[in-house]
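Below, each chain spelled out in residue letters.
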Amino acid sequence: MSPIQASGSGRISRRTLLRAGGATAGAIAAAAALGELAPSARAAAGFVKGVDISWVPQMEARGYSWKNQSGQTQDLLTILKGYGITAVRLRTFVNPSGDPANGHCGIDEVAAFAKRVKAAGMSIMLDYMFGDTWNSVGVQNPPAAWKAMGYSQMVTAMGSYVNQTMTVMKNNGVLPTWVQIGNEINSGICRPVGSVSNPAQMTGLLNAAYTQVKAVSPNSTVCIHLAQPQKYDVMTTFFSRFAANGGKWDMSVFSSYGSADLAPGIVANMKKISTQYGKPFLQSEFGGRVDRASATQASLVAYTKALKANGGQGIFYWEPECMSPFTGYNMGAWDSATQQPTVIMNGFSQA
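Figured I'd write up the structure that's included with this text. Fair warning: this is a prediction, and the values are worked out from it, not measured in the lab.

## Examining the packing of helix α7 (residues 151–171) against helix α8 (residues 199–216)
Next up, step 1: Across the interface, α7 lies against α8 with an axial gap of 8 Å and an inter-helix angle of 25 degrees. In terms of their interaxial angle, α7 and α8 are classed as roughly parallel. Taken as a pair, α7 and α8 cross one another with a handedness that is right-handed. Along the contact surface, α7 presents Tyr151, Met154, Val155, Met158, Gly159, Val162, Asn163, Met166, Thr167 and Lys170, while α8 presents Ala200, Gln201, Gly204, Leu205, Ala208, Ala209, Gln212, Val213 and Val216.
Next up, step 2: Taken together, the residues of the contact of α7 with α8 sort by class into twelve nonpolar, six polar and one charged.

Given below as structure tokens:
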């Protein structure tokens, strides 16, 4: 897929865009801020309106700032709270490079930013990529340090890594409400060892991650994350093999970037998976073109309404704060020229 070519779902390939654009291009919230509620209690507070803003620390380090609707420079988390955002999703890479757009996100950086998120009264979702850089629906490469490992070695490495990184989060007082063990893992994780075509090993790796998340943070909700739920046969292939091999998970979460007219059908597929395996679900990635802001706003409203109607627990917008020339990704929700939010963000309060 080319950087500007939409798929049949209306989605533009995010990873392709990243490679093309590169670095140039009242009481519940208070209690949560004080750490008085368990993560699961915060998650149950209501429909979650979230954002993945993992790029923020790197953007801030390069002098970027954000303005509110009135044109005043303001802390991004404060602006987001004004739109009703209650949760932040943060990715983590294993041994990332220093590339501003495609690296960073090591666990220490993530924990430091997560402290700001918690202080703002927001819940945290931790997204394990299980790679040194992007893993997504079409790419599932293990970190370089694991590449030559066999299955048994990789299971040990997986468990140790998850335990270590979850412990960093715990020691910083920022245990996540949700933990994604893998990102868009339709084809498995750490391929070829954990490929979906080798479901016993795939399940063994994911269960090692699950076990260590729970060992450090029993109240965290462990999520399996798949992309393109409009492809129902792909969803059922993964989940049937994972479940048949004793897969452990608490919630199913999905990426979808489809247009407004596709939202009801796509969310219906999410619900079918939820019902079949008895797991709650939410949409952990949504986005749309910023240069078609009104259409993207309508899509956000459509997905939110469909999720609420079908029992979905929330929706997360992927990197709404991004601006050029930091990245060529064109599916954020901020105006690069004015540094102000577009009408897209209003969609959070319209459904």
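From this point, the narrative continues.
## Describing helix α6 (residues 107–119)
Next up, step 1: The first and last C-alpha atoms of α6 sit 18 Å apart over 13 residues, in line with the 18 Å expected at 1.5 Å per residue.
Next up, step 2: Among all positions of α6, only Ile107, Val110, Ala111, Phe113, Ala114 and Val117 are buried.
Next up, step 3: Trailing α6 by a residue or two, Gly121 shows a phi angle of about 85 degrees, which is positive.

## A short note on the pattern of salt bridges
Next up, step 1: Taken as a whole and assessed by the stated rule, the structure comprises nine salt bridges.
Next up, step 2: Asp52 serves as the salt-bridge partner of Arg89, at 2.8 Å between the closest nitrogen and oxygen. Placement of the pair is Arg89 in strand β2 (residues 87–92) and Asp52 in strand β1 (residues 48–52), with a sequence separation of 37 residues. Exposure class is identical for Arg89 and Asp52. Each is buried.
Next up, step 3: One salt bridge connects Arg116 with Asp75, and the closest N-O pair in it is separated by 3.3 Å. Highlighted residues: Arg116 in helix α6 and Asp75 in the loop between α4 (56–61) and α5 (76–82), separated in sequence by 41 residues.
Next up, step 4: For Arg116, a relative accessible area of 32% corresponds to the partly exposed category.
Next up, step 5: Each of Asp52, Arg89, Arg91, Asp127, Glu285 and Glu319 takes part in one network of salt bridges that share partners.

## Quick word on the sheet that holds strand β3 (residues 123–128)
Next up, step 1: Spatially, β1-β2-β3-β4-β7-β8-β9-β10 is the arrangement adopted by the eight strands of the closed barrel, whose pairing is parallel. Across this sheet, the average inter-strand angle for adjacent strands is 25 degrees, counted without regard to direction.
Next up, step 2: As judged from the three bridges shared by β1 and β2, these two strands associate in the parallel manner. When the bridges of β2 are listed, Gly50 appears paired with Ala87.
Next up, step 3: Those strands touched by α7 are β2, β3 and β4 (178–181), and its axis lies near 155 degrees from that of β3.
Next up, step 4: Contacts from α8 reach β4 and β7 (221–227), with the element oriented near 160 degrees to β4.

## Comments concerning the nonpolar core
Next up, step 1: With 95 residues, the main nonpolar core has Phe130, Met158, Ile181, Ile224 and Phe238 as its most contacted residues.
Next up, step 2: With residues near it in sequence (within four places) discarded, Ile181 still touches Tyr128, Phe130, Leu206, Ala209, Tyr210, Val213, Val222, Cys223 and Ile224.
Next up, step 3: Ranked by size, the runner-up nonpolar core spans nine residues in total, among them Val48, Met125, Trp178 and Val253.

## Some remarks on helix α9 (residues 232–244)
In an α-helix, one turn spans 3.6 residues; hence positions three or four apart end up facing the same way.
Next up, step 1: Here α9 is 13 residues long and its end C-alpha atoms lie 18 Å apart, about the 18 Å a rise of 1.5 Å per residue gives.
Next up, step 2: Every buried residue of α9 is accounted for by Met235, Phe238, Phe239 and Phe242. Within α9, the buried residues cover an arc of 85 degrees as seen down the axis, which keeps them to one side. Opposite the packed face of α9, turned more than 90 degrees from it, sit the exposed residues Asp233 and Ala244.
Next up, step 3: Along its buried surface, α9 packs onto α8, β7, β8 (251–255) and α10 (263–277).
Next up, step 4: Note on α9: the residue one or two positions beyond its end, Gly246, has a positive phi of about 85 degrees.

## Thoughts on the packing of aromatic side chains
Two descriptors summarise a pair of aromatic rings, namely the distance from one centre to the other and the angle between the planes of the rings.
Next up, step 1: With the rule as written, the count across this model stands at 21 aromatic pairs.
Next up, step 2: On the numbers, 5.6 Å between centres and 75 degrees between planes, the contact of Tyr128 with Tyr161 is edge-to-face. Highlighted residues: Tyr128 in strand β3 and Tyr161 in helix α7, separated in sequence by 33 residues.
Next up, step 3: In this structure Tyr128 comes out as buried when scored by relative accessible area, which is 0%.
Next up, step 4: Following the ring pairs from residue to residue traces out a cluster consisting of Trp55, Tyr64, Phe93, Trp134, Trp318, Phe326 and Tyr329.

## Quick look at the packing of α8 against α9
Next up, step 1: With their axes 9 Å apart at the nearest point, α8 and α9 run at an angle of 75 degrees to one another. Considering the angle they form, α8 stands roughly perpendicular to α9. Of α9, the residues touching α8 (which contributes Pro199, Met202, Thr203, Leu206 and Asn207) are Phe238, Arg241 and Phe242.
Next up, step 2: Of the residues belonging to the contact of α8 with α9, the class tally is five nonpolar, two polar and one charged.

## Comments concerning unusual backbone geometry
Next up, step 1: Residue Pro192 is bonded to the preceding Arg191 through a cis peptide linkage, with omega at 5 degrees.
Next up, step 2: Examined against the element boundaries, Pro192 turns out to sit in the loop between β5 (188–189) and β6 (194–195).
Next up, step 3: Across the junction of Ser324 and Pro325, the peptide omega takes the value 5 degrees, indicating a cis bond.
Next up, step 4: Inspection of the secondary structure puts Pro325 in the segment after β10 (314–318).

Rules used in this analysis
- Residues numbered from 1 in each chain as written.
- Predicted model: local features only at pLDDT ≥ 70, side-chain atom pairs only at ≥ 80, totals over all residues.
- Heavy atoms only, no water.
- Axes fitted to C-alpha atoms, helices over the stretch in contact; angles between N-to-C directions.
- Helix = DSSP H or I, 4+ residues; strand = E, 2+ residues; numbered from the N terminus.
- Parallel < 35°, antiparallel > 145°, perpendicular 65-115°, else oblique.
- Left-handed = near helix turned anticlockwise from the far one by under 90°.
- Contact = heavy atoms within 4.5 Å.
- Nonpolar A, V, L, I, M, F, W, Y, C, P; charged D, E, K, R; others polar.
- Expected span 1.5 Å × (residues − 1).
- Buried < 20%, exposed > 50% of the residue type's maximum accessible area, 1.4 Å probe, protein only.
- Salt bridge = Lys/Arg side-chain N within 4 Å of Asp/Glu carboxyl O.
- Pairing = 2+ DSSP bridges.
- Core = buried A, V, L, I, M, F, W, Y, C linked by side-chain atoms within 4.5 Å.
- Arc of directions from axis to C-beta.
- Phe/Tyr/Trp six-rings, centres within 6.5 Å; stacked < 30°, edge-to-face > 60°.

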